[in-house]
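# Structural characterization, general
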Amino acid sequence: RIIHLADEFVVVDKVPGVQCTPSEDNVLECLPTCVQQALGLPSQLITTHRLDEGTEGVVVLARTPPFASYFQTLLKNHPTAPSTVQKVYCCLTLQRPPREGLLEHHVVVGCRFKGSPKYTAIM
């Protein structure tokens, strides 16, 4: 679903099961290509940030390389950026999580291999 269409970007509500970035075997099925074709845009959209394939949520796709650079600067909270963008993640759990303590999960920050157990502080 298209949330907002502007000259420099498109805001999309991504459904689960769609990848944000193209890979060798899904160039036609990835989010930027699907949105480009649905809107009949003449040029390829640029992914400014990603959500996992199984995750749904809002994604900003750039229509121009300068906007892609600008938005990525906002995401990095760069000191020269005019404002910052904050990402917020929500999840559903089978049981109520503890109010304080550690939750074990399988996310590894700053690594490119699939999960070894890490811990997140709940405060």
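Above this text is the structure in question.
For the structure given in this document, a descriptive report is provided here.

### Points about a nonpolar patch on the surface
Residues Ile2, Leu5 and Leu39 make up a contiguous nonpolar surface patch of about 220 Å² in total accessible area. Among the structural elements, Leu5 can be located in strand β1 (residues 2–5).

### A short note on the sheet that holds strand β4 (residues 57–62)
If you trace the four strands from one edge of the open sheet to the other, you get β1-β2-β4-β3, paired in antiparallel fashion. Strands with a single pairing partner mark the edges of an open sheet, and in this sheet they are β1 and β3 (46–47). As paired elements, strand β2 (residues 9–14) and β4 share six bridges and run antiparallel to each other. From the neighbouring strand, Phe9 faces β4, where its bridge partner is Ala62. Along the sheet, helix α1 (residues 31–39) makes contact with β1, β2, β3 and β4, crossing β2 at roughly 110 degrees.

### Considerations on the pairing of β2
Inspection of the sheet shows β1 paired to β2 by three bridges, in the antiparallel sense. What sits directly across from His4, in β2, is Val11. Where β1 folds back onto β2 in an antiparallel hairpin, the turn is made up of three residues.

What counts, and where the lines are drawn
- Residues numbered from 1 in each chain as written.
- Predicted model: local features only at pLDDT ≥ 70, side-chain atom pairs only at ≥ 80, totals over all residues.
- Heavy atoms only, no water.
- Patch = residues over 30% accessible without salt bridge, like charges linked within 9 Å, V, L, I, M, F, W, Y side chains within 5 Å.
- Areas by Shrake-Rupley, 256 points an atom, 1.4 Å probe, with all protein chains shown as cover.
- Salt bridge = Lys/Arg side-chain N within 4 Å of Asp/Glu carboxyl O.
- Helix = DSSP H or I, 4+ residues; strand = E, 2+ residues; numbered from the N terminus.
- Pairing = 2+ DSSP bridges.
- Contact = heavy atoms within 4.5 Å.
- Axes fitted to C-alpha atoms, helices over the stretch in contact; angles between N-to-C directions.

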